[in-house]
Amino acid sequence: MIRTTVCDLFDIEHPIALGGMGSASSPALTAAVSRAGGLGAMGCHYLTPEQIRERTAATRKETNKPFGLNFLLFDTREDSFAAALDLRPAVMQFAWARADQDLKSYFDRAHEAGCKITYMAGAVPETVRAAKAGADVIIAQGSEGGGHVGWMGSLPLIPMVVDAVGPIPVLAAGGFADGRGLAAALALGAQGILLGTRFLASVESPLHQNFKRAIVDSDGHDTQLSEIPDIAAGLVWPGAMTRSRRNKFVERWSGREWALRQNRAEANARLRAAREAGDIDEGPLSMGQDAGLIRDIPPAAELVRRIAREAEDILARKLPSLLAS
Ligand SMILES: Cc1cc2nc3c(=O)[nH]c(=O)nc-3n(C[C@H](O)[C@H](O)[C@H](O)COP(=O)(O)O)c2cc1C
């Protein structure tokens with residue numbers, strides 16, 4: 001069995017974490033990952049204090065294992081953050097602060113509530129900033145990943161972050177979907193992986209079945225980095241674009257972002273309706289290039305165990321067999 005420093009730090013069995021995906025989180029998915037020995041997480045930044053309390057209670061009903069609550073700092077409501085702290089989650093999973101935000105004040109409050117802190121970033125200076133502010137774990141997120149990402153690929157970014165923030169443990173994110181990815185991340189100096197897209201295609205994921213199928217059907221070459229979903233939603237993300245499926249909606253506005261800005265309200269209403277209806281041509285589907293590695297929609301627990309088993313086999317048998325005796 002693979003054990004790394006994050007297993008002890010978070011009190012988990014496998015060094016495998018779920019990204020807190022605001023638009024695609026649910027108590028069922030969070031609990032399933034944690035119950036299986038990984039670290040579940042729930043995206044909270046769209047939620048009211050009451051919704052955070054309800055969803056945390058629903059997760060705790062399904063598992064007494066640790067899990068995290070996720071906040072996008074640039075878009076965090078104080079009342080929601082305070083409500084989350086009152087619930088004393090095992091982990092506070094932060095990402096995407098504005099340059100002028102004081103990370104330490106958020107981290108200190110989370111530490112006072114007894115939480116461990118993770119901070120996700122896609123650039124070395126931002127991870128150093130979080131390390132200096134007191135993060136317990138840094139998540140280095142490469143641009144292969146789904147959702148909002150920076151510009152650096154995982155392969156160079158992860159060891160650069162490991163070197164920059166050590167001895168603080170690093171989790172690798174962006175493009176990881178199987179045991180090969182976990183073994184590679186460990187070889188790069190990370191202490192585990194955090195996954196988004198892989199868990200979107202799971203039984204417990206709240207995504208519409210059509211979107212889960214679109215991930216399975218993807219060959220990984222059909223994603224695009226753009227600002228289009230954020231322009232439609234009226235969001236200005238600090239230092240990120242979105243990697244999402246290149247569908248009719250994205251193609252319609254590519255290179256015509258100015259026109260999207262002028263038709264924002266109508267386009268956003270259509271986008272939301274298409275998401276509800278499971279329309280994969282017109283609805284938004286954030287997903288990573290690792291969609292090309294995803295071929296099934298199993299229970300999340302099976303994924304956690306499968307990834308751990310595959311990585312263990314690579315480390316215990318495949319790689320040692322390459323060494324000359
Ligand atoms: C649909 C979707 C929504 C996401 N929402 C959030 C979020 O609210 N907060 C966050 O920290 N990361 C979010 N992410 C990023 C993930 O935490 C993670 O970094 C990313 O999915 C890793 O890349 P992968 O998709 O290749 O596994 C999201 C990702 C996806 C695919």
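Residues numbered from 1 in each chain as written. Predicted model: local features only at pLDDT ≥ 70, side-chain atom pairs only at ≥ 80, totals over all residues.

Core analysis: the biggest nonpolar cluster contains 90 residues, and Tyr 119, Ile 138, Val 170, Leu 171, Ala 172 and Ile 193 have the highest contact counts within it. Broken down by element, the residue count for this core peaks at six residues, all from helix 15 (residues 300–318). Each of two domains, domain 1 (5–206 + 295–322) and domain 2 (209–289), supplies a minimum of three residues to this core. Those residues in contact with Val 170, other than ones at most four positions away along the chain, are Ile 138, Ala 140, Ile 158, Val 161, Val 162, Val 165, Gly 189, Ala 190 and Gln 191. Core analysis: the second largest hydrophobic core is formed by six residues, Ala 232, Phe 249, Trp 253 and Ala 267 among them. (Core = buried A, V, L, I, M, F, W, Y, C linked by C-beta atoms within 7 Å. Buried ≥ 20, exposed ≤ 12 C-beta atoms within 10 Å, placed from the backbone. Helix = DSSP H or I, 4+ residues; strand = E, 2+ residues; numbered from the N terminus. Domains from an automatic or database assignment. Contact = placed C-beta atoms within 7 Å.)

Here we come to the site of the ligand. In the vicinity of the ligand there are 30 residues, among which Gly 19, Gly 145, Gly 147, Gly 196 and Gly 288 approach most closely. When residues of the shell around the ligand are traced back to their parent elements, those giving at least two are strand 3 (67–72), strand 9 (192–195) and helix 9 (197–200). Here the element with the most residues in the shell around the ligand is helix 9; it accounts for three residues. For the shell around the ligand, the class distribution of residues is 11 nonpolar, 16 polar and three charged. Looking at which domains feed residues into the shell around the ligand, each of domain 1 (5–206 + 295–322) and domain 2 (209–289) supplies at least three. (Near = placed C-beta within 6 Å. Nonpolar A, V, L, I, M, F, W, Y, C, P; charged D, E, K, R; others polar.)

End to end, helix 14 (residues 264–277) covers 20 Å across 14 residues, agreeing with the expected 20 Å (1.5 Å per residue, within 8%). Within two residues after helix 14, Gly 278 carries a phi angle of roughly 75 degrees, on the positive side. (Expected span 1.5 Å × (residues − 1).)

Each assigned domain of the protein is listed with its residue range as follows: domain 1 (5–206 + 295–322) and domain 2 (209–289). Taken over C-alpha atoms, the centre of domain 1 sits 23 Å from the centre of domain 2. Elements represented by at least two residues in the side of domain 1 that touches domain 2 include exactly strand 7 (147–149) and helix 9. A per-element tally of the side of domain 1 that touches domain 2 places strand 7 first, with three residues.

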